[in-house]
Amino acid sequence: QAEGVQVSVLEARDSPGGNVRSVREEGRVLDVAANGWLNSEPAMTELLQLAGLTERLIPASDQYDDRFIFADGSMQPAPMSPPAMLRSRLISTWAKLRLLLEPFIGRATGPETVAEFVRRRLGQAFVDRMVGPMVAGVYASAPEQLSLEAAFPRMAELELEHRSLFLAMMRLRRGGAPRGHLQTLDGGAGSLPEALAQGLDLQLGVSVQGLEPQAQGFRVLTADGSVEADAVVLACPGHAQVPLVGFDPLAVAALERIRYAPVAVVASAWSREAWERRPEGFGVLVAAHEPVGVLGCLF
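Now for a quick tour of the structure.

Criteria and thresholds
Residues numbered from 1 in each chain as written. Predicted model: local features only at pLDDT ≥ 70, side-chain atom pairs only at ≥ 80, totals over all residues. Heavy atoms only, no water. Helix = DSSP H or I, 4+ residues; strand = E, 2+ residues; numbered from the N terminus. Contact = heavy atoms within 4.5 Å. Areas by Shrake-Rupley, 256 points an atom, 1.4 Å probe, with all protein chains shown as cover. Lys, Arg positive; Asp, Glu negative; His and termini not counted. Charge placed at Lys NZ, Arg CZ, Asp CG, Glu CD. Salt bridge = Lys/Arg side-chain N within 4 Å of Asp/Glu carboxyl O. Buried < 20%, exposed > 50% of the residue type's maximum accessible area, 1.4 Å probe, protein only. Phe/Tyr/Trp six-rings, centres within 6.5 Å; stacked < 30°, edge-to-face > 60°. Pairing = 2+ DSSP bridges. Patch = residues over 30% accessible without salt bridge, like charges linked within 9 Å, V, L, I, M, F, W, Y side chains within 5 Å. Polar contact = N/O pair within 3.5 Å; in protein donor to acceptor, adjacent residues only side chain to side chain. Core = buried A, V, L, I, M, F, W, Y, C linked by side-chain atoms within 4.5 Å. Axes fitted to C-alpha atoms, helices over the stretch in contact; angles between N-to-C directions.

Side note on the overall build of the protein chain
Thinking step 1. Secondary structure summary: the protein chain contains 11 helices and 13 strands in total.
Thinking step 2. Here the C-alpha coordinates of the protein chain stretch approximately 65 × 55 × 40 Å along the principal axes.
Thinking step 3. Across the protein chain, every contact between residues at least 6 apart in sequence was considered, and the portion connecting residues at least 24 apart equals 59%.
Thinking step 4. A total accessible area of about 19,800 Å² is found for the protein chain, and carbon and sulfur atoms account for 55% of it.
Thinking step 5. Positive and negative side-chain charges of the protein chain, numbering 27 and 35 respectively, have mean locations separated by a distance of 11 Å.

The structure is reproduced here in structure tokens:
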């Protein structure tokens, strides 16, 4: 719209932003989906400037740095450095000895999943105890189902440039770790779509029923009529797009292959007096093959 394009937004829900929403209750801000982003993405910075939100940015708390992995029935600190990895009880002695081979392992010969890459370079224990929980926390998926280049392109680059992850960690100050810091807005992540919606032709509660290609552009069919458009952007999940693009079998086939993981977000608030010792840490992830029922002892 800033470039002079006439834009109309049709949103099936009663609020903008899809899953990205913030609920404000009793002075608390609760994010029902994404709750922040890294400040190292230039496109996100530009979007925040466009929405006039840069003055409302707040960083994630730096009170606690520890991440925990639940394994063998207890919470264990996630090792964030090579020395910590050697001391960690998460990885067996044999698995640590296996690390000595890493600098001598060659580069990949073709595309790999995250699990294949980590298993080849570091061993299966690191897939189950380290990378698997991390992937679940970031992508709500399993490392066997994610492309390395799509999910962690920096890892693929490090192997290509330095041949060894350990050599890369020694040569690079940050060891190839993700750059940037987590941040959000003072009113929650939902403040972003709310601000972007201001000044737009936004129609809430409008469900698109179909698309019809025209000689020039498309006819967008809704329950209440139709809208003519030169171009259409489908900003909804693949399974919601499938019935709209039946005129393009290749698009339907591609969209049907996209997997979506079910995710539930639960927010709870506790009084300070509810804890004998206040929880410390940045979060807990669960190792592979760990019984989910034992998580009850964490709380």
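Structural notes on the pattern of salt bridges
Thinking step 1. All chains considered together, the criterion is met by 12 salt bridges.
Thinking step 2. Taking the shortest distance from any N to any O, the salt bridge between Glu194 and Arg24 comes out at 2.9 Å. Pair noted here: Glu194 is in helix H9 (residues 191-197) and Arg24 is in strand S2 (residues 22-25), with a separation of 170 residues, a long-range link.
Thinking step 3. Linking Arg154 and Glu157 is a salt bridge whose minimum nitrogen-to-oxygen distance equals 3.3 Å. Taken together, the residues span about one helical turn, with Arg154 and Glu157 both in helix H7 (residues 153-162) at a distance of 3 residues.
Thinking step 4. Accessibility expressed as a relative area gives 37% for Glu157, which makes it partly exposed.
Thinking step 5. A cluster of three or more residues bridged by salt bridges with shared partners is formed by Glu102, Glu112, Arg120, Arg121 and Glu159.

Focus: the packing of aromatic side chains
Two descriptors summarise a pair of aromatic rings, namely the distance from one centre to the other and the angle between the planes of the rings.
Thinking step 1. Summed over the entire model, instances satisfying the criterion amount to 3 aromatic pairs.
Thinking step 2. Between Trp270 and Trp275 the ring centres are 5.4 Å apart and the planes differ by 55°, which places this aromatic pair in the tilted class.
Thinking step 3. Trp275 sits in the partly exposed class, given a relative accessible area of 26%.

Describing the pairing of strand S12 (residues 225-229)
Thinking step 1. Pairing of strand S11 (residues 218-222) with S12 involves 5 bridges; the strand directions are antiparallel. Bridging from a neighbouring strand, Val220 pairs with Val227 of S12.

Observations regarding the sheet that holds strand S5 (residues 57-59)
Thinking step 1. Reading across from one edge, S4-S8-S5 is the order of the 3 strands in this open sheet, with antiparallel pairing throughout. At either margin of the open sheet sits one strand with a lone partner, and together these are strand S4 (37-38) and S5.
Thinking step 2. Where S5 and strand S8 (residues 182-185) come together, 3 bridges link them in antiparallel fashion. Opposite Leu57, over in S8, you have Leu185 as the bridge partner.

Structural notes on a nonpolar patch on the surface
Thinking step 1. Among the surface-exposed residues, Leu38, Leu182 and Phe282 lie close enough to one another that they form a single nonpolar patch of about 240 Å² accessible area.
Thinking step 2. If you trace the backbone, Leu38 turns up in strand S4.

Remarks on helix H1 (residues 42-50)
In an α-helix, one turn spans 3.6 residues; hence positions three or four apart end up facing the same way.
Thinking step 1. Capping the start of H1 is the job of one residue whose side-chain oxygen sits 3.0 Å from the backbone nitrogen of Ala43: Glu41.
Thinking step 2. Just past H1, the residue Gly52 takes up positive phi, approximately 70°.

Here we look at the environment of Ala267
Thinking step 1. Residue placement: Ala267 occurs in the loop between helix H11 (249-256) and strand S13 (284-286).
Thinking step 2. Among the residues examined, Ala267 registers a relative accessible area of 52% and is labelled exposed.
Thinking step 3. In this structure, the C-alpha to C-alpha distance between Ala267 and Val233, residues 34 residues apart in sequence, is 32 Å.

Some points on the nonpolar core
Thinking step 1. The biggest cluster of nonpolar side chains holds 27 residues, and the ones touching the most others in it are Val114, Val118 and Phe126.
Thinking step 2. Mapped onto this core, the elements with two or more residues apiece are strand S6 (68-71), helix H4 (114-121), helix H5 (124-139), helix H6 (148-151), H7 and helix H8 (165-171).
Thinking step 3. Counting residues per element, this core draws most heavily on H5, which supplies 5 residues.
Thinking step 4. Setting aside chain neighbours within four positions, we find Phe126 in contact with Met85, Ile91, Ala95, Leu99, Val118, Val131 and Gly132.
Thinking step 5. By size, the runner-up hydrophobic cluster in this structure holds 8 residues, among which are Met44, Ala51, Leu53 and Ala189.

Quick notes on the sheet that holds S12
Thinking step 1. With antiparallel pairing, 3 strands are arranged side by side in an open sheet as S10-S11-S12. Only two strands of the sheet have a single partner each, and these edge strands are strand S10 (208-213) and S12. Sheet twist, expressed as the average angle between the axes of neighbouring strands with direction ignored, equals 20°.

Some remarks on the environment of Arg277
Thinking step 1. Here Arg277 shows up in the loop between H11 and S13.
Thinking step 2. Sequence spacing of Arg277 and Asn19 is 258 residues, and the spatial spacing of their C-alpha atoms is 34 Å.

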